[in-house]
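Descriptive structure summary
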Amino acid sequence: MSEVIKLRKGLDIRLKGSAETVLETLPVPATVALKPADFPGLTPKMSVKPGFEVKAGDALFYDKYHPEVVFTAPFGGKVASVNRGERRRILEVVIETDNGAGSAEYKKANPNSLSAGEVKEQLLRSGLWPFIKRRPYGIVASPQEKPKAVFISTFDTAPIAPDYNFIMEGQLGTFQTGIDALAKLADGKVFMGVSDKSVFTNIKNTEIKQFSGPHPAGNVGIQIHHISPINRGEVVWTVNPQDVLFIGRLFETGRVDFTKIFALTGSEVEKPKYVQTTLGAPVSTLTDGRLKKGNYKQRIISGNVLTGTRVKTQDYLGFYDSQVTVIPEGDEYELFGWATPGIDKFSASKTFFSKLFPKKEYEMNANLHGGERAFVLSDQYEKVLPMDILPVFLIKSCLADDIDKMEQLGIYEVIEEDFALCEYVCTSKIKVQDILRNGINTMIKELG
Amino acid sequence: MKFLKNFFEKTEPYVQKGAKYHWLNSVHDGFFTFLFVPKHTAKSGTHIHDYIDLKRTMSIVVLALVPSLLFGMYNVGLQHFIAIGEAAATGFFDMFLYGLLKVLPVVIVSYGVGLGIEFAFAQMRGHEINEGFLVSGMLIPLIMPIETPLWMVAVATAFAVIFGKEVFGGTGMNIWNPALVARAFLFFAYPAQMSGNSVWIALGKNDMPIDGFTGATPMADAAAGNINFSVADAFFGFIPGSIGETSTLAILIGAVILIITGIGNWKIMVSTVAGGVVMGIILNIFAGSQGLSPEAAVFFGIPFWQHLILGGFAFGAVFMATDPVSATQTEKGKWIYGFLIGILAILIRVVNPAYPEGMMLAILLMNTFAPLIDHYVVQGHIKRRIKRAKVTA
């Protein structure tokens, strides 16, 4: 392994409620669902109607502009409903699970013995392709493009994030198979970011780079920036570690198996731990009976507190998420809240006495703690973004819809998760992630 | 405090758009959010947010200004009693009380006028009331000479808030530091009343100054070629000057608060002082050159470090130059910006024959150039990024 890449900028948010390394296997949920909204920019076209019988890995819908990219059933059963929202936008495709339905059959082969074309074909048909995301823009990769490299971050530094060292126990062989398949697609150029105590260091067929530092050191975007930054016209692909497992299983068994481990975390969870269920499981299978009881509102998040999606118990888990976080909603007034000494208030700024307790973990709620304002302070964002990028200027160019400036200032290198900490620390409560996504959408619309 | 919350919650419907008291909406919201942090929760983006907000940020700056304010009150009293020759016979509290009664009206006028205009603009625009004026409203009194008539303070504050800030879109959008705009407005609009030797010391109609009293600040004296201040007095602040600027010690306490909390930018403070020192040394070198008038030679020859404790230099470097809105936004830019403020402040102070102070004009000038500095820093950044692309390609 080469030298360690040390990142100094960033912030570890000391949130209460990290998961104990205990794994509970949940029974198969009664329903599972796939949500087109998990894929930014996708225009879905349905392949099935309610009542159709599907096996795991059968197509449910496909991308209107890339019909070869299909999105498949996470579990076999009967298509129960296609729920639509405003202007008939598809919200979710729900499947009633049936244990006997099984999986569609694919080729069982060592990816090393296959050609790149065969690997790609297998991933596309099985619905595993959408697990490969591309940068720029953080959207599903296009099968026609050739990536510069594939990047995988094997550790997550977000608040109370799941520990992939624990999740991978006993599955490293499968992970290796997945890496071999990805290496085929990228002519062997696969980079893996690891932390200091990592079980991934023995994985072959990949170039391993060790990172140290506070969040967002575990973000794949940050790692790309320090290994081989994306310039204009270049494309790289990224895959989450658990999604590499899905790819590995496909080639090892010739079937799809979307069994996935989630970290159930947050201060509102009675006993935070790891649970094993399937992709697209309902939120309620994880949270029912496992949350603290109180006469206040709770917020359930699919994902982490910085980038996750707010969900209700009747919703389904996000496609790319490996974590569910539950925190108090905090929709209460606080008398002179801005003037308290703040011993129990975690802050990136040095204006609260909590700074004197560098080890303590804090309960945090979803309150904004202030009103939205114009940009006033400078150099806040820079302190939590370990990239050679001027965040405020990039955000302002997004607000101005200035395509030239966005490109020059590095919009190809970043997606929302990389700027999430900027939004967290912002004194003016500016919606940095929304602004950045709008900028990215403008780029996609104008430049394709 | 529950009844207050109930009061604000109950009255909320009456101040909405279209309701009877809709014109009170911003005022209602302003007082409500001052008392209670609102219950708004994150709708999109990150689910948790830092506890810091603009109210806390601004109140920390106000806190950092308190030592200067308190000392300023005492010093107003002290200078008054020195002028009438009763300093030895007057106790500390009498002096402080005299200063308090002199300074408080200035503070009240500044806040009253400024906040009134802020409220009106917020209501006109349908915005929340912005906290920026909490600091400006404190800065304005502190950089006024004590004998500034209150109506002038009011006019200057109104000018600063409207033309220095609101025409640009409010806090966060302004080009110049509003407090300095107020000071500059008075300086150029009422030069006779705002300079000279009669404004720095509070004297009543019936007060008889002692023999030999001039009322001049040490810097005015120095510019006239006679240096007669003690370094200790200048550092601790027992000299005539604007209300809050005389005590370098009190300003340093504020600087420590700003730097520890990270609210004030230490880079700008350090580079401003560095710029001042460099220019001071340059002037020292040229103090002996031919062609200078004897007065100028004396002023050129002041040991460079004494410039840091005289006049408004320290106050400007700590509280004015560091205003995040009107300063440069880039980190590299901050070094350049501060350094040039220091250079220009001392240069104008010493070389300008009309008025022996340069901090205000130096900061306003660099406020104007801050976007230009940022532009070049950003262009440099973009060029480096393009070069990176060529290297890897």
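Cut-off values and rules
- Residues numbered from 1 in each chain as written.
- Chains lettered and ligands numbered in written order.
- Predicted model: local features only at pLDDT ≥ 70, side-chain atom pairs only at ≥ 80, totals over all residues.
- Helix = DSSP H or I, 4+ residues; strand = E, 2+ residues; numbered from the N terminus.
- Rg over C-alpha atoms; globule rule 2.2 N^0.38 Å.
- Buried ≥ 20, exposed ≤ 12 C-beta atoms within 10 Å, placed from the backbone.
- Contact = placed C-beta atoms within 7 Å.
- Pairing = 2+ DSSP bridges.
- Axes fitted to C-alpha atoms, helices over the stretch in contact; angles between N-to-C directions.
- Domains from an automatic or database assignment.
- Parallel < 35°, antiparallel > 145°, perpendicular 65-115°, else oblique.
- Nonpolar A, V, L, I, M, F, W, Y, C, P; charged D, E, K, R; others polar.
- Left-handed = near helix turned anticlockwise from the far one by under 90°.
- Expected span 1.5 Å × (residues − 1).
- Bend = angle between axes of the 7 residues up to and from the residue.

**Brief notes about the overall build of chain B**
Within chain B one finds 16 helices and 1 strand. Radius of gyration (C-alpha) of chain B: 23 Å, near the 21 Å computed for a compact globule of 393 residues. Across the 393 residues that make up chain B, the buried fraction comes to 50%. A separation threshold of at least 6 residues defines the contact pool for chain B, and within that pool the share at least 24 residues apart is 72%.

**Here we look at the overall build of chain A**
Scanning chain A from terminus to terminus reveals 10 helices and 21 strands. The C-alpha atoms of chain A give a radius of gyration of 22 Å, which matches the 22 Å a tight globule of 448 residues would have. Its C-alpha atoms put chain A at 65 × 50 × 45 Å along the principal axes. When burial is assessed residue by residue, chain A has 53% of its 448 residues classed as buried. Residue pairs in contact within chain A that sit at least 24 positions apart in sequence constitute 69% of those at least 6 positions apart.

**Brief notes about the sheet that holds strand β5 (residues 53-54) of chain A**
All names here are of chain A. If you trace the 4 strands from one edge of the open sheet to the other, you get β3-β9-β8-β5, paired in antiparallel fashion. Where the open sheet ends on each side, the last strands, each with one partner, are β3 (31-34) and β5. Where β5 lies against strand β8 (residues 77-84), 2 bridges are found, and the strand directions are antiparallel. Each bridged residue has a counterpart across the sheet, and for V54 the counterpart in β8 is G77.

**Structural notes on the sheet that holds strand β2 (residues 20-25) of chain A**
Residue and element names in this part refer to chain A. Spatially, β2-β17-β16-β20-β18-β19 is the arrangement adopted by the 6 strands of the open sheet, whose pairing is mixed. Of all strands in the sheet, those with a lone pairing partner are β2 and β19 (309-311), marking the two edges. Along the sheet, successive strands turn relative to each other by an average axial angle of 30 degrees, direction set aside.

**Details of the domain arrangement of chain A**
Many structure descriptions define interface size as the accessible area lost when the parts assemble. Residues and elements named next belong to chain A. Per the domain assignment, the segments making up chain A are domain 1 (5-253) and domain 2 (382-447). Using C-alpha coordinates to define each centre, domain 1 is positioned 24 Å away from domain 2. With 19 residues of domain 1 in contact, the opposing surface of domain 2 contributes 17 residues. Among the elements that take part in the side of domain 1 that touches domain 2, helix α4 (residues 220-227) stands out by supplying 3 residues, more than any other.

**What about the packing of helix α3 (residues 172-185) of chain A against helix α5 (residues 241-253) of chain A?**
All names here are of chain A. Interhelical geometry of α3 versus α5 gives an angle of 90 degrees and a closest axis separation of 7 Å. Our classification of the angle between α3 and α5 gives roughly perpendicular. Touching T174, F175, T177, G178, I179, A181 and L182 of α3 are V244, L245, I247, G248, R249, F251 and E252, all from α5.

**Quick notes on the interface of chain A and chain B**
Chain A puts 61 residues into the contact, and the matching count from chain B is 50 residues. Put simply, the parts of the chain that give the side of chain A that touches chain B at least two residues each are β18 (298-302), β21 (334-335), α7 (391-399), α8 (403-409), α9 (416-425) and α10 (432-447) of chain A. The leading source of residues in the side of chain A that touches chain B is α9 of chain A, at 4 residues. Broken down by class, the residue content of the side of chain A that touches chain B amounts to 27 nonpolar, 18 polar and 16 charged. Bridge count for β21 of chain A against strand β1 (residues 36-37) of chain B is 2 bridges, and the pairing is antiparallel.

**With respect to unusual backbone geometry**
Residues and elements named next belong to chain A. In this model, R135 is joined to P136 through a cis peptide bond whose omega is 5 degrees. Note that the residue after H215, namely P216, is joined by a cis bond; omega there is 10 degrees. By secondary structure assignment, the location of P216 is in the loop between β14 (207-212) and α4. One non-glycine residue with positive phi stands out, namely D187, at about 55 degrees. With respect to the element layout, D187 can be found in the loop between α3 and β13 (190-194). With a phi close to 55 degrees, D401 is a non-glycine residue in the positive phi region. Its place among the elements puts D401 in the loop between α7 and α8. With 13 C-beta atoms packed within 10 Å, D401 lands in the partly exposed category.

**So, the domain arrangement of chain B**
Domain annotation of chain B identifies domain 1 (2-35) and domain 2 (54-207 + 215-380). Split by residue class, the side of domain 1 of chain B that touches domain 2 of chain B holds 2 nonpolar, 3 polar and 1 charged.

**Regarding the packing of helix α12 (residues 266-286) of chain B against helix α14 (residues 313-320) of chain B**
Residues and elements named next belong to chain B. It is at 9 Å that the axes of α12 and α14 come closest, and there the two elements cross at 150 degrees. In terms of orientation, α12 and α14 fall into the roughly antiparallel class. α12 and α14 meet at a crossing whose hand is right-handed. Of the residues in α14, those touching α12 at M269, T272, V273 and G276 are F313, A317 and V318.

**Some thoughts on helix α4 (residues 92-125) of chain B**
Structural remark: α-helix, 3.6 residues per turn; residues separated by three or four positions point the same way. Residues and elements named next belong to chain B. Between its first and last C-alpha atoms α4 spans 48 Å; for 34 residues at 1.5 Å apiece the expected length is 50 Å, and the two agree. A maximum bend of about 25 degrees is found in α4 at V103, where proline P105 lies one to four positions downstream. In the segment just after α4, G126 is the residue with positive phi, at about 70 degrees.

**Side note on the environment of L306 of chain A**
Mapped onto the elements, L306 of chain A comes out in the loop between β18 and β19. Remark: the alpha-carbon pair of L306 of chain A and G289 of chain A, spanning 17 residues in sequence, is separated by 25 Å. Leaving out residues up to four positions away in the same chain, L306 of chain A has contacts with A158, P159, A420, L421 and Y424 of chain A together with T46 of chain B.

**Structural notes on the environment of A345 of chain B**
All names here are of chain B. Tracing the chain through its elements places A345 in helix α15 (residues 331-351). Judged by the 30 C-beta atoms lying within 10 Å of it, A345 falls in the buried class. The residues touching A345, leaving out its near neighbours within four places in the chain, are G276, F313, G316, G358, M359 and A362.

**Considerations on the environment of T174 of chain A**
Residues and elements named next belong to chain A. Among the structural elements, T174 can be located in helix α3. You can call T174 buried: it has 21 C-beta atoms within 10 Å. In the structure, T174 is positioned 255 residues away from K429 in sequence and 43 Å away in space, judged by C-alpha atoms. Setting aside chain neighbours within four positions, we find T174 in contact with L245, G248, R249 and E252.

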